[in-house]
Amino acid sequence: MCYSFHSSGDIACMGICTSTCPSVMAFCFLEELQWKFSASYDSTSISLATRPYAFLEFDNIIQKVKYHFNYTSCSQMKNSLEKIQEELKFHPPVLLKLEDTELMNGLINGHTQVHMGSAPTYRMQPVTPLGILSLVLNIMCGALNLIRGVHLAEYSFQEDHEGIGNVIAFLLSFLACIFQCYLYLFHGSSRKMKAFVLFFSICLCNIYLYGLRNIWQILFHIGVACLSSYQILTRQLMEKQPDFGV
């Protein structure tokens with residue numbers, strides 16, 4: 001068996017022929033198919049194709065071209081092949097190694113070069129019982145902040161306009177609690193810096209709210225934020241070992 005491949009733009013054709021089939025004839029066949037396909041479909045319809053066998057109706061044209069190449073008179077085909085072989089003598093094709101085609105394939109088709117090295121796969125360490133506790137407490141503190149903030153906002157906008165700062169402090173504490181939960185569950189860049197910023201934001205907001213909250217409530221919220229920050233910083237990435245047998 002002989003495998004022939006022809007690529008032009010966004011269209012690639014591959015043919016499987018017998019070993020007795022001339023290579024020139026195989027590439028002429030693929031080039032004819034590529035030209036027929038380009039004439040039948042525009043670039044928009046090609047880019048919008050999402051399902052397999054989206055151009056199944058093109059099989060009729062493939063069969064016609066195949067019949068033309070298989071059943072054309074031998075003398076006519078022989079003359080055509082001789083002309084093509086003479087052209088190849090004056091303009092010989094460039095021979096590429098398999099490694100060269102692997103490196104150049106993405107660049108030829110308009111894509112960036114793919115890094116050949118294998119990238120390590122990572123996952124976060126398992127969630128600990130203490131981590132689950134910190135999530136539950138953080139969600140509870142966030143809910144308390146949201147409820148107090150919404151209730152105070154209704155009163156502030158109607159009567160006490162000076163209490164808007166307290167509303168902002170409650171809502172900022174709520175958002176900080178939510179982001180702490182997110183940082184614990186998912187990995188991201190600058191994780192340590194974000195954890196410290198969120199912790200200090202919760203501390204400042206609760207200190208600002210002194211008067212609406214007593215000292216024990218403030219210490220409780222700061223303690224939960226401290227526990228969550230500790231869990232965020234101690235839950236590290238764990239490298240996943242590659243499955244060499246798969």
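You'll find the structure just up there.
Described in the following lines is the structure provided in the data block. (Residues numbered from 1 in each chain as written. Predicted model: local features only at pLDDT ≥ 70, side-chain atom pairs only at ≥ 80, totals over all residues. Heavy atoms only, no water.)

Re the overall build of the chain
Our working rule: Segments assigned H or I by DSSP are reported as helices when at least four residues long, segments assigned E as strands when at least two residues long, and all are numbered from the N terminus. Only protein chains enter the accessibility calculation, which uses a 1.4 Å probe. A residue is then buried if its area is under 20% of the maximum for its type, exposed if over 50%, and partly exposed in between. Throughout, a residue-residue contact means that at least one pair of heavy atoms, one from each residue, lies within 4.5 Å. To be clear on the numbers: accessible area is Shrake-Rupley with a 1.4 Å probe, and residue cover counts the displayed protein chains and nothing else.
Counting its secondary structure elements, the chain contains 9 helices and 4 strands. Helices (α) and strands (β) of the chain occur, in sequence order from the N terminus, as β-β-α-α-α-α-α-β-α-α-α-α-β. Counting all 246 residues of the chain, 29% fall into the buried class. A separation of at least 24 residues holds for 64% of the contacts in the chain among residues at least 6 apart in sequence. In the form shown here, the chain has an accessible surface area of approximately 17800 Å², with 64% of it arising from carbon and sulfur atoms.

Let's talk about the environment of Val 167
When you line up the elements, Val 167 lands in helix α7 (residues 164-185). On the basis of relative accessibility, which here comes to 7%, the residue Val 167 falls in the buried class. The sequence separation of Val 167 and Ala 153 amounts to 14 residues, and the corresponding C-alpha distance is 5.8 Å.

Details of the packing of α7 against helix α9 (residues 215-234)
Operational definition: Angles run from 0 to 180 degrees between N-to-C directions of axes, and those axes are lines fitted to C-alpha atoms, restricted for helices to the stretch in contact. Oblique is the label for any angle not covered by the other classes, which are roughly parallel (under 35 degrees), roughly antiparallel (over 145) and roughly perpendicular (65 to 115). By convention, the crossing between two helices is left-handed when the near helix turns anticlockwise from the far helix through less than a right angle, and right-handed when the turn is clockwise. We call Asp, Glu, Lys and Arg charged. Ala, Val, Leu, Ile, Met, Phe, Trp, Tyr, Cys and Pro are nonpolar, and the rest, Gly among them, are polar.
For the pair α7 and α9, interaxial distance at closest approach is 9 Å and the crossing angle is 25°. In terms of orientation, α7 and α9 fall into the roughly parallel class. As for the relative orientation of α7 and α9, their crossing is left-handed in sense. On α9, the residues that touch Gln 180, Leu 183 and Tyr 184 of α7 are Ala 225, Ser 228, Ser 229, Gln 231 and Ile 232. When its residues are assigned to classes, the contact of α7 with α9 shows 4 nonpolar, 4 polar and no charged.

A few points about the side chain of Gln 34
Structurally, Gln 34 is set in helix α1 (residues 23-40). Here Gln 34 falls in the buried class, since its relative accessible area comes to 13%. Ignoring sequence-local partners within four residues, the contact set of Gln 34 consists of His 6, Ser 8, Ile 11 and Cys 13.

As for helix α8 (residues 191-208)
Selection rule: Each residue after the first adds 1.5 Å to the expected span of a helix. Summarising the geometry, the arc corresponds to the directions from the helix axis toward the C-beta atoms.
In this model α8 runs 26 Å from its N-terminal to its C-terminal C-alpha over 18 residues, within 8% of the 26 Å that 1.5 Å per residue would give. Of all the positions in α8, only Arg 191, Ala 195, Leu 198, Phe 199, Ile 202, Cys 203, Cys 205 and Asn 206 are classed as buried. Burial along α8 is one-sided: seen end-on, the buried residues are contained in an arc of 170°. Away from its buried face, by an angle of more than 90 degrees, α8 presents the exposed residues Met 193, Leu 204 and Ile 207.

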